[in-house]
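Structural features, examined
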Amino acid sequence: MVRFAVIGTGVVAEEAVLPAFAKLKNARLVALVSPEKDRLRSLGKRHGVTALYSPQDLDACLASDAIDAIYIAVPNDLHCDLALRSARAGKHILCEKPLALNVQEARRMQTAARKYRVKLMTAYRLHFEATTLSSFALAHSGKLGEIRTISSTFGFNLTNRTNTRFRATHGGGALYDIGVYCINAARQIFRAEPIEVYATMPPPHNRDYREVDESVTAVLTFSGGRVATFTVSFSISQTGRLQIYGTKGSVALDPSYYFAQRLRQIITIGRKSRERTFPWVDQFATMIRVFSDCVLQDREPPAGAGEGIADLRVVEAIRKSAKLNRPVKLR
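Source: prediction; values computed, not measured. (Residues numbered from 1 in each chain as written. Predicted model: local features only at pLDDT ≥ 70, side-chain atom pairs only at ≥ 80, totals over all residues. Heavy atoms only, no water.)

When its secondary structure is counted, the chain shows nine helices and 15 strands. Compactness check: the chain gives a C-alpha radius of gyration of 20 Å against a globular reference of 20 Å for 331 residues, within 12% of the reference. Structurally, the chain occupies a C-alpha span of about 60 × 40 × 40 Å along its principal axes. Taking all 331 residues of the chain together, 55% fall into the buried category. Taking all contacts inside the chain whose residues are at least 6 apart in sequence as the whole, residues at least 24 apart take part in 67%. With 47 positive and 30 negative side-chain charges, the chain shows a spacing of 5 Å between the two charge centroids. (Helix = DSSP H or I, 4+ residues; strand = E, 2+ residues; numbered from the N terminus. Rg over C-alpha atoms; globule rule 2.2 N^0.38 Å. Buried < 20%, exposed > 50% of the residue type's maximum accessible area, 1.4 Å probe, protein only. Contact = heavy atoms within 4.5 Å. Lys, Arg positive; Asp, Glu negative; His and termini not counted. Charge placed at Lys NZ, Arg CZ, Asp CG, Glu CD.)

Core analysis: the biggest nonpolar cluster contains 115 residues, and Tyr71, Leu220 and Ile318 have the highest contact counts within it. With residues near it in sequence (within four places) discarded, Leu220 still touches Ala186, Pro194, Glu196, Val197, Arg226, Val227, Ala228, Phe230, Val314 and Ile318. (Core = buried A, V, L, I, M, F, W, Y, C linked by side-chain atoms within 4.5 Å.)

In this description, a pair of aromatic rings is defined by centroid distance and the angle of the planes. Scanning the entire structure with this criterion turns up 11 aromatic pairs. Aromatic side chains Phe154 and Tyr181 sit 5.8 Å apart centroid to centroid with 70 degrees between the ring planes, which places their arrangement in the edge-to-face category. With Phe154 in strand 7 (residues 147-157) and Tyr181 in helix 7 (residues 174-190), this residue pair connects regions lying 27 residues apart in the sequence. Residue classification places Phe154 among the buried residues on the basis of a relative accessible area of 5%. For Tyr181, a relative accessible area of 8% translates into the label buried. Pairwise contacts between aromatic rings join Phe154, Tyr181, Tyr257 and Tyr258 into one cluster. (Phe/Tyr/Trp six-rings, centres within 6.5 Å; stacked < 30°, edge-to-face > 60°.)

Turning our eyes to something else, we now look at helix 7. When the terminal C-alpha atoms of helix 7 are compared, their 23 Å separation across 17 residues agrees well with the 24 Å that a helix rising 1.5 Å per residue should span. Of all the bends found along helix 7, the most pronounced is centred on Val180 and spans about 40 degrees. Counted residue by residue, helix 7 has 16 buried out of 17 residues, so it is predominantly covered. Among the residues trailing helix 7, Arg191 stands out with phi positive, at a value near 55 degrees. (Expected span 1.5 Å × (residues − 1). Bend = angle between axes of the 7 residues up to and from the residue.)

A few words on unusual backbone geometry. The omega angle of the peptide bond from Lys97 to Pro98 is -15 degrees, so this bond is cis rather than trans. The topology assignment puts Pro98 in the loop between strand 5 (92-95) and helix 5 (103-115). Look at the link from Asp254 to Pro255: it is a cis peptide, with omega at 5 degrees. Here Pro255 is to be found in the loop between strand 12 (249-253) and strand 13 (264-269). A positive phi angle, near 55 degrees, is found at Ala303, a position not held by glycine. Along the chain, Ala303 turns up in the loop between helix 8 (283-297) and helix 9 (305-324).

Let us look at the sheet that holds strand 4 (residues 69-72). Backbone hydrogen bonds hold the strands of a sheet together, and the pairing may be parallel or antiparallel. A sheet is described by the order of its strands in space; here six strands give the open sequence 3-2-1-4-5-6, paired in parallel fashion. Two strands bound the open sheet, and with one partner strand each, they are strand 3 (51-53) and strand 6 (120-122). Looking at each pair of strands side by side, their axes are set apart by 25 degrees on average, direction ignored. Bridge count between strand 4 and strand 5: four bridges; the pairing is parallel. Directly across from Ile70, in strand 5, lies its bridge partner Ile93. Across the face of the sheet, helix 2 (residues 37-47) comes into contact with strand 2 (27-33) and strand 3 while running at roughly 165 degrees to strand 2. (Pairing = 2+ DSSP bridges. Axes fitted to C-alpha atoms, helices over the stretch in contact; angles between N-to-C directions.)

In structure tokens, the structure reads:
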């Protein structure tokens, strides 16, 4: 049994992360950390957690022998500091994406995890989702021919103006929040790193986005002339679609990227198309279970720090390309 403290009680933590523990046999929720006292007490009561900490008491939380691992579910600018403190305390770390604000911070986290011999994993829940895994396996099987193009659209209408996604200091914006899903999917499908990116961040139509990107469109070029394109936005109706095109066929996930609903797969080979759906599973519960198994069996977790760093390299190149209005090459 791996005993977790969850740092952060935002919407995703409340709706997805905390309920996931009730479905697990190898992990247990034993502590919560949040600056919101009333919310902390309410969630503690709901999930049977009595060890409740404010951020000022975090050192006491990390020093507790009753805690083995930390789930970091706070704004992006806090990931690095919390991970470093957790690693020094000997606690394993499951950290929400993006792993950090930049590559430099993520590498500091990776170095600390190695130094203090703790597991560090980026919380890429889709690495454990059946529809996504089946689609990627189909792309790798050769049945669709050579995969040449990937296209993604992911977005929703963000209306809560107090949300941290509107704040640059917190690492807000569409690219950090949802663009990393599209980047990670392209890298997984092509099994390669992009060699060039070209991106645009159009001026926002809403002044609430004066600090961060409201929408981003990017073109990622891979070796052999392969291309992945994506658009992410906080100002469109909810949509999530991933299309993988090969020389013999294609597979679409529509919807894709979501965690609260069943995803759908549409396979087209030649002139024949068919749909497949898989039973819905709790992506967060599966992810926490896999991470806990890695802790218990002393194995390196999938989607480790390297995955987070690779995606942040692309994020940084996209931001640079949009700022300079020109393609940016990646080494």
